[in-house]
Amino acid sequence: EAASHDYDFHLALIEAAGNPVLLRMYRLLSAPLKFYLEVGKSHRPETEMSLAEHGRIMSALEQRDSRALTQALNDHFDHSAAVMAHFFQRANASL
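Residues numbered from 1 in each chain as written. Predicted model: local features only at pLDDT ≥ 70, side-chain atom pairs only at ≥ 80, totals over all residues. Heavy atoms only, no water.

### Comments concerning the overall build of the chain
Counting its secondary structure elements, the chain contains five helices and zero strands. The helix and strand sequence of the chain, counted from the amino end, reads α-α-α-α-α. Summarising its shape, the C-alpha atoms of the chain cover approximately 45 × 25 × 20 Å along the three principal directions. Sorting the 95 residues of the chain into buried and exposed places 27% on the buried side. Excluding contacts between residues fewer than 6 apart, the proportion of contacts in the chain whose partners are at least 24 apart in sequence is 53%. About 6,700 Å² of surface is accessible on the chain, with carbon and sulfur atoms providing 61% of the total. Charged side chains in the chain number 9 positive and 12 negative. The centres of these two groups are separated by 5 Å. (Helix = DSSP H or I, 4+ residues; strand = E, 2+ residues; numbered from the N terminus. Buried < 20%, exposed > 50% of the residue type's maximum accessible area, 1.4 Å probe, protein only. Contact = heavy atoms within 4.5 Å. Areas by Shrake-Rupley, 256 points an atom, 1.4 Å probe, with all protein chains shown as cover. Lys, Arg positive; Asp, Glu negative; His and termini not counted. Charge placed at Lys NZ, Arg CZ, Asp CG, Glu CD.)

### Points about the packing of aromatic side chains
Centre distance and the angle of the planes are the two values used to describe a pair of aromatic rings. Applying the stated rule across the entire model yields three aromatic pairs. An angle of 25° between the planes, with centres 4.8 Å apart, marks the rings of Y7 and Y26 as stacked. Highlighted residues: Y7 in helix α1 (residues 2-17) and Y26 in helix α2 (residues 20-28), separated in sequence by 19 residues. Neither Y7 nor Y26 differs from the other in exposure class; each is buried. With a centroid separation of 5.1 Å and 70° between ring planes, the pair formed by F87 and F88 is classed as edge-to-face. Here F87 falls in the partly exposed class, since its relative accessible area comes to 22%. When its relative accessible area of 42% is taken as the criterion, F88 is described as partly exposed. One aromatic cluster is present, built from ring pairs that chain together F35, F87 and F88. Stacked on the ring of Y7, the Lys or Arg K34 has its end atom at 4.7 Å from the ring centre. (Phe/Tyr/Trp six-rings, centres within 6.5 Å; stacked < 30°, edge-to-face > 60°. Lys NZ or Arg CZ within 6 Å of the ring centre and 35° of its normal.)

### With respect to the environment of H54
As for its position among the elements, H54 is in helix α4 (residues 44-63). Considered as a pair, H54 and H10 are 44 residues apart in the sequence and their alpha carbons are 9.3 Å apart.

Structure follows, in structure tokens:
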């Protein structure tokens, strides 16, 4: 369920951006994105970190603070990449 909410959060951001190409791409990639989000939500600490990062993103948007938004988005991307890298390292180690 957390992954579904995460997907919806990102979808809302994309819809708010008003970019029809990005919106179409996001919807076309929904299946692999939902898998990716499930992986990220498979551990409680990662889910809590993601929620905190989403809060920082929303706060920066509400304050119209582009620097804070850029930092919050970069932090979120970095954290997500680290989660996926860890997942694939574990998967490869079990082969």
